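This is what each chain is made of:
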Amino acid sequence: MSAVALLVVSHSRTLAEGVRELAAQMAPGVRIATAAGAVDGGLGVDVVRIAATMEELAEAGGVCVLADIGSSVMGTDAALELVREDLRARVRFADAPLVEGAIAAAVIASTGAGLDAVVAAAEEARGARKRSL
Amino acid sequence: MDTAERLDGARLWRMVERMAARVAERRAELTELDQPIGDGDHGINLHRGFQAVLAKREALSGQAPGAILKGVAMTLLSTVGGASGPLYGTFFLRMAAAAGDAPSLDAAGLVRAFEAGLAGVKERGKAEPGDKTMVDAWTPAVAAMRERLAAGGGLAEVLAAGAAAAEAGAQATRPMVARRGRASYLGERSAGHQDPGATSSAIILRAMSEVAAEAPAS
């Protein structure tokens, strides 16, 4: 069993769901949640929902957060400020490309690795060339 | 100190209502500014956020300044959606923390809250003056408010100085080349357009200044 969960933050519900689907297929058994889209269902971020999802996942263990671009990253940082203090250390942002990072993180999480290793795996994906994968 | 020179929750709530009204009036202009360099939704997003704030009137209007600011922050964080959600949300959240649970703020306390808000926005957006962001409105505004305060200015004078400086700061973003957000992808092509976030920041501060200049409600 793996204790580290993934959280995919995106402007788009469709994009987040696609990343979740792809990463889950590569890493069965890993909990992958999404917090995506604006409160009205359109494109955007809902910081309060991101924070609530972080807390929900952190209750069970470490959380590796991946985000698409711009406001999703700022929204993740703002959400971290809202997360209950006793849970905050269990939630880490991985500064990584969303697709490659999510897959790398999910695969490593499926081995039962800890939060540091999962975040590191995601961030290592940053420099990956498509052709050498 | 004259009670008119303190900002209590009731007066702050009137300022929040004025912000919502001014954003509503100027949302088309904000969206227009956002079209050439942003994703064209700043006015719509901010208007949606402030309308959601107004819907919390019953819960918020009777609270102390810190609680009102926190309520505004949480509502904007949830409803604005674009980059301005996390940025304005953080701004008001840090203001709320600075205001604490004091029943009212004097001019010095309000300026300290703005300083905390500006620090929060810079941290959240990783932006510095000159990057063509709302930091370019808030930085001169906070400096002007600090200066007016040091010169003995009261609440209304401090906010008037801040609003004027924010407006000038927003106008000064026009020739700048954006270094943050979607506009930064445009490089040199972002020059020649006034930044929407700096503009809405000036609108918000002007709304506060308007209410401060009016006689307090009895």
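All values reported here derive from a predicted model rather than from experimental measurement.

Draft legend 1. Region of the structure containing the overall build of chain A. The helix and strand tally for chain A stands at six helices and four strands. Traced from its N-terminal end to its C-terminal end, chain A shows the element sequence β-α-β-α-β-α-α-β-α-α. The C-alpha radius of gyration computed for chain A amounts to 13 Å, which stays within 12% of the reference 14 Å derived for 133 residues, consistent with globular compactness. With the C-alpha coordinates aligned to their principal axes, the bounding extent of chain A is approximately 40 × 30 × 25 Å. Per-residue burial for chain A yields a buried fraction of 50% across its 133 residues. For chain A, the proportion of contacts with a sequence separation of at least 24, taken over those separated by at least 6, is 79%. Averaged over its 12 positive side-chain charges, chain A has a centre that lies 5 Å from the centre of its 17 negative ones.

Draft legend 2. Quick look at the pairing of strand 2 (residues 32-36) of chain A. Residue and element names in this part refer to chain A. With respect to burial, strand 2 is a largely interior element, four of its five residues being buried. Of the pairings in the sheet, the one linking strand 1 (residues 5-10) to strand 2 comprises five bridges and is parallel in character. Looking across to strand 2, one finds that Val8 is bridged to Thr34. Following the chain from strand 1 across helix 1 (residues 13-26) to the adjacent parallel strand 2, one finds a crossover that is right-handed.

Draft legend 3. Fine view of the layout of surface pockets. Here the largest pocket defines a volume of roughly 1,100 Å³. Elements with a contribution of two residues or more to the lining of the largest pocket: helix 3 (71-82) of chain A together with helix 2 (27-37), helix 3 (42-54), helix 6 (84-99), helix 7 (107-125) and helix 10 (196-213) of chain B. A per-class count over the lining of the largest pocket returns 15 nonpolar, 15 polar and ten charged.

Draft legend 4. Region of interest: the side chain of Ser71 of chain A. As for its position among the elements, Ser71 of chain A is in helix 3. Polar side-chain contacts of Ser71 of chain A include one of 3.2 Å to the backbone nitrogen of Ala83 of chain B.

Draft legend 5. Layout of the sheet that holds strand 2 of chain A. Residues and elements named next belong to chain A. With parallel pairing, four strands are arranged side by side in an open sheet as 2-1-3-4. The strands lining the two open edges of the sheet, one partner per strand, are strand 2 and strand 4 (91-93). Neighbour-to-neighbour, the strand axes of the sheet open up by a mean angle of 25 degrees, direction not taken into account. The sheet contacts of helix 1 involve strand 1 and strand 2, and relative to strand 2 the element is tilted by about 170 degrees.

Draft legend 6. Representation of the packing of aromatic side chains in the model. One pass over the full model with this rule turns up five aromatic pairs over all chains. Three or more aromatic residues joined by ring pairs make a cluster, and in this case those are Tyr88, Phe91, Phe92, Phe114 and Trp138 of chain B.

Draft legend 7. Quick look at the pairing of strand 3 (residues 63-67) of chain A. All names here are of chain A. Taking burial as the measure, the five residues of strand 3 include five buried ones, the bulk of the element. Residues of strand 3 alternate between two faces, with Val63, Val65 and Ala67 on one and Cys64 and Leu66 on the opposite face, all of them buried. Where strand 1 meets strand 3, five bridges bridge the pair, whose relative direction is parallel. Within strand 3, the residue paired with Ala5 across the bridge is Val63. Bridging between strand 3 and strand 4 involves three bridges; their strand directions are parallel.

The rules we used
- Residues numbered from 1 in each chain as written.
- Chains lettered and ligands numbered in written order.
- Predicted model: local features only at pLDDT ≥ 70, side-chain atom pairs only at ≥ 80, totals over all residues.
- Heavy atoms only, no water.
- Helix = DSSP H or I, 4+ residues; strand = E, 2+ residues; numbered from the N terminus.
- Rg over C-alpha atoms; globule rule 2.2 N^0.38 Å.
- Buried < 20%, exposed > 50% of the residue type's maximum accessible area, 1.4 Å probe, protein only.
- Contact = heavy atoms within 4.5 Å.
- Lys, Arg positive; Asp, Glu negative; His and termini not counted.
- Charge placed at Lys NZ, Arg CZ, Asp CG, Glu CD.
- Pairing = 2+ DSSP bridges.
- Right-handed = clockwise from strand over helix to strand, strands pointing away.
- 1 Å grid on protein atoms, 1.4 Å probe; cavity = no way out; pocket = protein on both sides within 12 Å on 5 of 7 lines; lining within 4 Å.
- Points joined across faces, edges and corners; volume = space filled by probe spheres on them.
- Nonpolar A, V, L, I, M, F, W, Y, C, P; charged D, E, K, R; others polar.
- Polar contact = N/O pair within 3.5 Å; in protein donor to acceptor, adjacent residues only side chain to side chain.
- Axes fitted to C-alpha atoms, helices over the stretch in contact; angles between N-to-C directions.
- Phe/Tyr/Trp six-rings, centres within 6.5 Å; stacked < 30°, edge-to-face > 60°.

Everything listed here is a matter of geometry and, on its own, says nothing about what the molecule does.
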